[in-house]
Amino acid sequence: MDKFVNSNDDLAEQEPRSYKSACRMCHGGCGVLIHVDDRNITKIEGDPSNPMNKGKLCPLGAASLEQIYNPRRLKYPMRRVGARGEGRWKRISWDEAYDEMVNKIRQATEKDGAESIWVGTGTGRHHFPFVSRFANAIGTPNWCEPGTAQCFRPRVHGSIITMGQLPICTYTNEVYPELIIFWGHNPIYSGPDGELGFGVKEALARKPATIVVDPRETWLAKRADIWLQLRPGTDDALALAMLNVIIGEELEDKEFVAKWCHGFEDLAERVKVYTPEWAEPITWVTAENIRKAARLFAKIKPSMMEWGCAIEHTPACFQTVRALLCLPSITGNIDQPGSWSFGMLPLPPFPQLFDKMPMDQQKKRLGYDDFKVLSGELAQLPSAHIPTIFNAIRTSKPYPVRTGFIFGNNALSTYGDVKTVFETLMALDYLVVAELYMTPTAEIADLILPVATWAEVDALPAVPFYGQNVIMAQQKTFQYAECKQDEDIMVEICRRLGTEHGQESPQEIYDSMLRSKLDFGWEELKQMGFYEPEFKWQKYKENGFDTPTRKIELYSTRLLELGYDPLPYYEEPPESPYSTPELAHDFPLILITGARLPMFFQSEYRQLPKLRKGRPEPECELHPETAADLGVVTGDWVSIETKRGKCRQKVKIFEGIDPRVVHVQHGWWFPEEENSPDHGIWRSNANTLTSMDPPYCSAMGTYQLRALLCRVVKVDGSEKPWQPTFPSRYNTNIGEIQEWS
Ligand SMILES: Nc1nc2c(c(=O)[nH]1)N[C@H]1C(S)=C(S)[C@@H](COP(=O)(O)OP(=O)(O)OC[C@H]3O[C@@H](n4cnc5c(=O)[nH]c(N)nc54)[C@H](O)[C@@H]3O)O[C@H]1N2
Ligand SMILES: Nc1nc2c(c(=O)[nH]1)N[C@H]1C(S)=C(S)[C@@H](COP(=O)(O)OP(=O)(O)OC[C@H]3O[C@@H](n4cnc5c(=O)[nH]c(N)nc54)[C@H](O)[C@@H]3O)O[C@H]1N2
Ligand code: SF4
Ligand SMILES: [Mo]
């Protein structure tokens, strides 16, 4: 692959040398050694001294050089010259780009107020904390990320409300669990989620008991002591029934509960009705298996819960998180060696500048009143509610939102109901997209900014997130063309706007964060590579848990104050054979989407040969009986359809899925299709099927990415791909409108 000349004078023409850094091909944090000759990176390898990965790299990390030197990368800022989505661009200078953005921000602020500017980003990449900082600095409360309501944040917020901090699975201190319960989480593939994958494998090598809660028979499920193959979207029912068994059979840790849990009696009362017999027809898991799992979980200690985003993709999200939190709590598996623990948090909170935004402006955040845990009073990282922002963009209600900035999100791929997303983005007056590649989302922008890959930035990752057991220096070792680090772009906009806050460089911020709590700064950390504070358990014994009662709040006083149910309860998915039987008549199968693959990260890496060759085409999983009913075999094309849209993928017959369930991969587009600006985004996109419509989770505003109703139809793969019909007023040339099937 062609090497691009290192155009950074500071880094050019140096002696060959090695840098300690942190890989960020995923959320990141594995220690790496980056070897650089006079101008280029020659090799990236795992750092054997780093406690997170001990010299190992996953397939994504191992493909880093194909990403960094990818010829498809954006190289300079570009301004749209044709109609939106027409694919005609003109190279401009960074100065021109900055002037344009600064003018647009000023105009938008004068005309409709700063809240008319929307700032979006994607999941936990290096610049994530800077995005809300930037939004606050320019005065808009309307920033968001697909994960704030759908991934990780519900677990963070639910944990903070329940026990003051997010509990983590930590494997760095070598006390391993005797039991692991994997709940809607498959870290063998999605390990790149704070690089727990390596630690999980080490823990599994010690042969703990395992319970897996998953509608699909994963590698972990195959090896589990108990696999609970539940109906998608009914995790809350299953957790409540397990609580019913543990409490009913008095298997709780009585001493821990008496001393450290608030509201046990209330919880006991609440779960009385949720018997395993009640849960069996709802969850499709037999009452016997629910009892077995609950007893095993309560009996074996210490245990850890590895929970994932599958529980956060339905409106029952927050209740499910709360119910799951009760399981380790009442069995005393909290902050003990080998159990869930709390991280050391050696860093102060990142200065996101929420404190600098006046309260009346914060209250304009879209979602503030409706989703108090996501956007309002109870939010630890307040962010706007995506469907509410998108609605405001389309309708100007409750106020206009006309200008958008996206720093790293392929919105037409990963948000729910992407037809609505397309309409929304096209309705903006002005859209900037900062990206590595020309994605289908970048194609409908007005201005495109080329950004740096992980090896070209200075950042301060701390892993696991919200635990910070290891702090690392991620170092800039290379400069590709005119690409800039996202953080530097945001800072420069603030400087040119002359904002009161937000003008410090990233390095200044890292340095002051480190020095405020530790006896070294950024330059020293770069030399050290990483820092690992001494780990302590049972920190709650000093001051209790950080909640109003200083205990784990099974019964949440904070939720009660804000008008939410203080105890977890069951909610049937809004679309299901039970809640919408008439819809189930036409769409009889249950759809799940997005179970992670080891070779991609969301919609990323389909342009990396090493990774793409592992999965050249999109696949959906069907049970052999379902496939036989449809008359399809592995490799056939099918159309997967919901009442919102359709997409097509190739069949993979999989015994390990219930005949009533279909799994569809997410994140598909085809970067190699360069002759059309949509790059095939409408063909196999799981989010043509999903929903951004209400009902939402009342606390977090979560919409539905899984547990929806669908049908599958056999199609001929040679037919033209289906594309959505868009209103002509958008004047796009996004491709011919074709119906197929
Ligand atoms: N290689 C790779 N790693 C990744 C990512 C990636 O795209 N690629 N993405 C990263 C991100 S942002 C995230 S959030 C994490 C996500 O990673 P995980 O949290 O592991 O989530 P998934 O892989 O989506 O789903 C895990 C399992 O949940 C099951 N599942 C589906 N529906 C349900 C349900 O209703 N209930 C239950 N109990 N299980 C269900 C799926 O079958 C799957 O096996 O991975 C991160 N790591
Ligand atoms: N149907 C369905 N949809 C899902 C999911 C699912 O399971 N099913 N999972 C959901 C989850 S959990 C999440 S977290 C979201 C993820 O959603 P996102 O994190 O937004 O993922 P992508 O859409 O792939 O967008 C990331 C984009 O950022 C670019 N990028 C990478 N690094 C950088 C960088 O440093 N700077 C900039 N500016 N750009 C960069 C990549 O090229 C890519 O185009 O998707 C959600 N969507
Ligand atoms: S787990 Fe993440 S950080 Fe570690 S090597 Fe893989 S992509 Fe890099
Ligand atoms: Mo995520």
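Small disclaimer: the values here were computed from a predicted structure and weren't measured.

## Digging into the overall build of the protein
Broken down by element type, the protein carries 27 helices and 27 strands. Computed over its C-alpha atoms, the radius of gyration of the protein comes to 25 Å, within 12% of the 27 Å expected for a compact globule of 741 residues. Dimensions of the protein along its principal axes, counting C-alpha atoms only, are 70 × 65 × 50 Å. When burial is assessed residue by residue, the protein has 66% of its 741 residues classed as buried. Summarising the internal contacts of the protein: among those between residues at least 6 apart in sequence, 74% fall at separations of at least 24. Summed over its atoms, the accessible surface of the protein is roughly 25,900 Å², and 49% of this surface lies on carbon and sulfur atoms. Of the charged side chains in the protein, 82 are positive and 99 negative; the average position of the first set lies 1 Å away from that of the second.

## So, the site of ligand 1
Around ligand 1, a shell composed of 34 residues is seen, among which Ser190, Asp214, Asp235, Phe600 and Arg706 lie nearest. One nitrogen or oxygen atom from the side chain of aspartate 235 is found 2.6 Å from a nitrogen atom belonging to ligand 1. Arginine 596 has a polar backbone atom sitting 2.8 Å from an oxygen atom of ligand 1. Residues of the shell around ligand 1, tallied by class, amount to 17 nonpolar, eleven polar and six charged.

## Brief notes about the site of ligand 3
In the neighbourhood of ligand 3, eleven residues make up the surrounding shell, with Cys23, Met25, Cys26, Cys30 and Cys58 lying closest. A per-class count over the shell around ligand 3 returns eight nonpolar, three polar and no charged.

## Details of the side chain of serine 556
Mapped onto the elements of the fold, serine 556 is located in the loop between β21 (552-553) and α24 (557-561). Residues contacting serine 556, with those up to four places away along its chain left out, are Ile161, Arg322 and Pro566.

## Some remarks on the pairing of strand β25 (residues 646-653)
Bridging between strand β23 (residues 619-622) and β25 involves four bridges; their strand directions are parallel. Each residue of the ladder has a partner; that of leucine 622, found in β25, is isoleucine 653. What sits between strand β24 (residues 637-641) and β25 in their antiparallel hairpin is a turn of four residues.

## Here's the deal with the domain arrangement of the protein
Segmentation of the protein into domains returns domain 1 (78-145 + 354-463 + 470-531), domain 2 (153-343 + 543-561) and domain 3 (581-727). Centre-to-centre, using C-alpha coordinates, domain 1 lies 29 Å away from domain 3. On the side of domain 3, 34 residues touch domain 1, which itself brings 32 residues to the contact. Along the contact surface separating domain 1 from domain 3 lie one salt bridge. Broken down by secondary-structure element, the contributors of at least two residues to the side of domain 1 that touches domain 3 are α17 (386-395), α18 (411-414) and α19 (418-427). No other element matches the five residues that α19 contributes to the side of domain 1 that touches domain 3. Considered class by class, the residues forming the side of domain 1 that touches domain 3 number 15 nonpolar, nine polar and eight charged.

## Observations regarding helix α3 (residues 94-112)
Here α3 contains 19 residues, and its C-alpha end-to-end distance of 27 Å stays within 8% of the 27 Å for a straight helix at 1.5 Å per residue. Listed in full, the buried residues belonging to α3 are Trp94, Ala97, Tyr98, Glu100, Met101, Val102, Ile105 and Ala108. Following α3 by one or two positions, glycine 113 has its phi on the positive side, about 85 degrees.

## Quick notes on the sheet that holds strand β9 (residues 179-183)
Across the sheet, four strands lie side by side as β11-β10-β9-β13; this open sheet has parallel pairing. Either end of the sheet is taken by a strand with one partner, and the two such strands are β11 (226-228) and β13 (303-307). Sheet twist, expressed as the mean angle between neighbouring strand axes with direction ignored, is 10 degrees. Sheet topology note: the β9/β13 ladder contains five bridges and is parallel.

Basis of the calculations
- Residues numbered from 1 in each chain as written.
- Chains lettered and ligands numbered in written order.
- Predicted model: local features only at pLDDT ≥ 70, side-chain atom pairs only at ≥ 80, totals over all residues.
- Heavy atoms only, no water.
- Helix = DSSP H or I, 4+ residues; strand = E, 2+ residues; numbered from the N terminus.
- Rg over C-alpha atoms; globule rule 2.2 N^0.38 Å.
- Buried < 20%, exposed > 50% of the residue type's maximum accessible area, 1.4 Å probe, protein only.
- Contact = heavy atoms within 4.5 Å.
- Areas by Shrake-Rupley, 256 points an atom, 1.4 Å probe, with all protein chains shown as cover.
- Lys, Arg positive; Asp, Glu negative; His and termini not counted.
- Charge placed at Lys NZ, Arg CZ, Asp CG, Glu CD.
- Near = heavy atom within 4 Å.
- Polar contact = N/O pair within 3.5 Å; in protein donor to acceptor, adjacent residues only side chain to side chain.
- Nonpolar A, V, L, I, M, F, W, Y, C, P; charged D, E, K, R; others polar.
- Pairing = 2+ DSSP bridges.
- Domains from an automatic or database assignment.
- Salt bridge = Lys/Arg side-chain N within 4 Å of Asp/Glu carboxyl O.
- Expected span 1.5 Å × (residues − 1).
- Axes fitted to C-alpha atoms, helices over the stretch in contact; angles between N-to-C directions.

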